[in-house]
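Inside the fold
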Amino acid sequence: MLDVTDLRVELMTERGVVKAVDGVSFSIESGETVTIIGESGSGKSTTAMGVLRLLPDDEAAVSGKIVIDGHDVVGNPRAAARLRGDKVVLIPQDPMTALSPVHTIGGQLGEAVRLRDPSLSRKAAADRAADLLGQVGIPDPRRQLGRHPHQLSGGMLQRVLIAIALAGRLRLLVADEPTSALDVTVQAAILDLLLRLQEETGMGILMITHDLGVARLVSDRVHVMKDGRFVESGEVEQIVDEPREDYTRSLLSAVPRFR
Ligand SMILES: Nc1ncnc2c1ncn2[C@@H]1O[C@H](COP(=O)(O)OP(=O)(O)OP(=O)(O)O)[C@@H](O)[C@H]1O
Ligand SMILES: [Mg+2]
């Protein structure tokens, strides 16, 4: 589903060039969840944005090899644009910025539905939108269609983004700290929902988090990131129970253990 080889991302900043991602390689099969964990500034979001080719050319130089669902998105950036919003979806760090503040939930979700199936009437698209909101556990979906993003809580907005993801033929979901802004019970519900959808659809998930509890719950494999590189990679049990690197150990000791 995703094959990344020697990915490098150089950011053009006011202070000069920053090597935010400095040669990382990883892959994700269908139905698999791979997690990147690391301290703030280690390059996690830049990796996610680089893989999906969401960084503007004048702000970032991306090199290496990225193949998404058989498409080379480094050689052919337009392939990435075609994949995004249909087969590949990003749930960004802040759900509020991912939605338009001036359009209704129904308008934005309906647009995603009609992108997937342009022959649908407005009425049929609204029905499908309400159906999707119901699938992600939003109560009273009909009524939510007419509301604007600022009228919904962070947890509800996360669900709307997941519903938008479901409107396409989702193969790969990239979730950048999807639950960091949420309280613990909502966090658990969102992670549950993602795992259930993964079971139903066989999608691959790239999970970005600084929370080892989240990593432990959802991951098949974990890459530990520091200063743009992976310092340790392995099965989640190995990383959490028998970390080889001091850096991983310091991440582990920074969070409460629940076992
Ligand atoms: N727009 C930008 N301008 C300048 N530097 C940036 C920009 N975005 C990221 N960086 C730098 O690139 C590096 C990686 O940042 P990135 O946002 O990928 O980290 P992160 O692991 O996602 O952190 P966090 O856990 O805080 O979200 C950092 O050194 C950061 O300062
Ligand atoms: Mg980040």
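Our structure's up above, just so we're on the same page.
We now turn to the structure provided with this report.

Each value, and the rule that gives it
Numbering of residues starts from 1 in each chain and follows the order in which that chain's sequence is written. Both sets of labels track the order of writing: A upward for chains, 1 upward for ligands. Totals for whole chains, interfaces and linings use every residue, but because this is a predicted model, local features are given only for residues with pLDDT of at least 70 and side-chain atom pairs only at 80 or more, for both listing and counting. Side-chain descriptors were evaluated using all non-hydrogen atoms of the structure, hydrogens and water having been removed beforehand. Paired strands, as defined in this entry, are two strands with at least two bridges between them according to DSSP. Here a helix means four or more residues in a row that DSSP labels H or I, a strand means two or more in a row labelled E, and each is numbered from the N terminus. Orientation is described by axes fitted as lines to C-alpha atoms, over the contacting stretch for helices, and by angles from 0 to 180 degrees between their N-to-C directions. Any two of the Phe, Tyr and Trp rings considered here, Trp counted by its six-membered ring, make a pair once their centres fall within 6.5 Å; the pair's planes then place it as stacked at under 30 degrees, edge-to-face at over 60, or tilted in between. Note on definitions. A residue lies near a molecule or strand when any single heavy atom of the residue is within 4 Å of it. Polar contact is defined as a pair of N or O atoms within 3.5 Å, subject to the rule that within protein one atom must be able to donate a hydrogen and the other to accept it, and that residues adjacent in sequence are counted only when both atoms are side-chain atoms. Here, Shrake-Rupley sampling with a 1.4 Å probe gives the accessible areas, and only protein chains in the shown set may cover a residue. Side-chain classes are defined by residue name, with Ala, Val, Leu, Ile, Met, Phe, Trp, Tyr, Cys and Pro counting as nonpolar, Asp, Glu, Lys and Arg as charged, and the others, Gly among them, as polar.

So, about the sheet that holds strand 8 (residues 204-209). Taken in spatial order, the six strands line up as 6-7-8-3-9-10 in an open sheet, and their pairing is mixed. On the outer flanks of this sheet lie strand 6 (88-91) and strand 10 (229-235), each paired with one strand and no other. The mean inter-strand angle of the sheet, taken between neighbouring strand axes irrespective of direction, is 15°. One ladder, built from five bridges, connects strand 3 (residues 33-38) with strand 9 (residues 221-226); its direction is parallel. From the neighbouring strand, Val 34 faces strand 9, where its bridge partner is Arg 221.

The final tally for this structure, using the stated rule, is one aromatic pair. Arranged with centres 6.0 Å apart and planes meeting at 55°, the rings of Phe 26 and Phe 230 form a pair that is tilted. One end of the pair, Phe 26, is in strand 2 (residues 16-28); the other, Phe 230, is in strand 10, and 204 residues separate them in sequence.

Another aspect to go through is the site of ligand 1. The immediate surroundings of ligand 1 are formed by Leu 11, Thr 13, Ala 20, Glu 39, Ser 40, Gly 41, Ser 42, Gly 43, Lys 44, Ser 45, Thr 46 and Gln 93. The contact in question runs from an oxygen atom of ligand 1 to an N or O atom on the side chain of Ser 40, over 2.5 Å. Contact distances for ligand 1 include 2.8 Å between an oxygen atom and a backbone N or O atom of Gly 41. Burial of ligand 1 by the protein chains amounts to 61% of its free accessible area of 640 Å². Elements with a minimum of two residues in the shell around ligand 1: strand 1 (2-13) and helix 1 (44-51). With three residues, helix 1 is the largest single contributor of residues to the shell around ligand 1. Of the residues contributing to the shell around ligand 1, the split by class is two nonpolar, eight polar and two charged.

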